[in-house]
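# A structural walkthrough
What follows is each chain in one-letter form.
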Amino acid sequence: YAYYFGACDRVSDIRKSLEILFTRFEDESIKESPLYWEIARLKGSCYTNYLHDFEKGLENTLDALRRFTLPENPRNGDLILFAGLYGYVGDVYRRLGNYEEAIKYYQEDLKICLENNLEAQKYAPLFYLGRIYHAQKDYEKSQEYFIQCAEMKNETDDSYNRSAPFSYLFDIERTKGN
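I will try to describe carefully the structure that is included in this document. (Residues numbered from 1 in each chain as written. Predicted model: local features only at pLDDT ≥ 70, side-chain atom pairs only at ≥ 80, totals over all residues. Heavy atoms only, no water.)

This part is about the pattern of salt bridges. Per the counting criterion, the structure on display carries six salt bridges. The residue Lys-104 makes a salt bridge to Glu-101 at a minimum N-O spacing of 2.8 Å. Separated by three residues within a single helix, Lys-104 and Glu-101 lie in helix α7 (residues 99–115), roughly one turn from each other. Using a relative accessible area of 52% as the deciding quantity, one classes Lys-104 as exposed. With relative accessibility at 21%, the residue Glu-101 sits in the partly exposed group. (Salt bridge = Lys/Arg side-chain N within 4 Å of Asp/Glu carboxyl O. Helix = DSSP H or I, 4+ residues; strand = E, 2+ residues; numbered from the N terminus. Buried < 20%, exposed > 50% of the residue type's maximum accessible area, 1.4 Å probe, protein only.)

Printed below as a string of structure tokens:
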């Protein structure tokens, strides 16, 4: 199911394809699978990013976070998934405009990254925390996060990720009159 779920964005009518596919995941036996958290995460992502149904996206993403359990001896990949789930929830709250909840989830994402030396994974929560504080016109906090992102610019191959913090920092300086 996960394979077909991931491939459904390659069809012309994404909304119809997702609706058909989502009905297949309502079978209770599938929900008992220890990997159902991944299906819930993908559903949340599709509702949020493709269908722009943020309430259903949040519901499914929170479901994924509730269902995910770290193994007894987690590897880096497990920790990255775990931290990322908090980031996904933060993303949906941010899109809903609920910045206080988004901040809580991004902070948890960042905490997991810092505690487990996941250096490259710190970028996303730092960046989105900076964006939230920028939107709230708390330029001091925003600047703090964007400076940390800018210092990590070599951690990513993505040119947008390398340049975006500088754009925000420039905007902050301009807004402050510097």
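Still to come is the rest of the account.
In this description, a pair of aromatic rings is defined by centroid distance and the angle of the planes. Per the stated rule, a full pass over the model turns up twelve aromatic pairs. Aromatic pair Phe-68 and Phe-82: ring centres 5.7 Å apart, planes at 20°, arrangement stacked. On the criterion of sequence distance, the pair formed by Phe-68 in the loop between α5 (54–67) and α6 (76–96) and Phe-82 in helix α6 is long-range, its members being 14 residues apart. Exposure remark for Phe-82: the relative accessible area of 18% places this residue in the buried category. Note on Phe-82 and Tyr-86: the rings are 5.4 Å apart at their centroids and 80° apart in plane angle, and the pair reads as edge-to-face. Note that Phe-82 and Tyr-86 are positioned in helix α6 at a spacing of four residues, about one turn of the helix. When sorted by exposure, Phe-82 lands in the same class as Tyr-86, which is buried. Members of the aromatic cluster, each reached through a chain of ring pairs, are Trp-37, Phe-68, Phe-82, Tyr-86, Tyr-93 and Tyr-105. (Phe/Tyr/Trp six-rings, centres within 6.5 Å; stacked < 30°, edge-to-face > 60°.)

As a volume, the largest pocket reaches approximately 440 Å³. Lining the largest pocket are 23 residues, and of these Gly-84, Gly-87, Tyr-88, Asp-91 and Ala-124 sit closest to its centre. Every element with two or more residues in the lining of the largest pocket is listed here: α4 (36–49), α6, α7 and α8 (123–135). For the lining of the largest pocket, the leading source of residues is α6, giving ten residues. Grouping the constituent residues of the lining of the largest pocket by class yields ten nonpolar, eight polar and five charged. (1 Å grid on protein atoms, 1.4 Å probe; cavity = no way out; pocket = protein on both sides within 12 Å on 5 of 7 lines; lining within 4 Å. Points joined across faces, edges and corners; volume = space filled by probe spheres on them. Nonpolar A, V, L, I, M, F, W, Y, C, P; charged D, E, K, R; others polar.)

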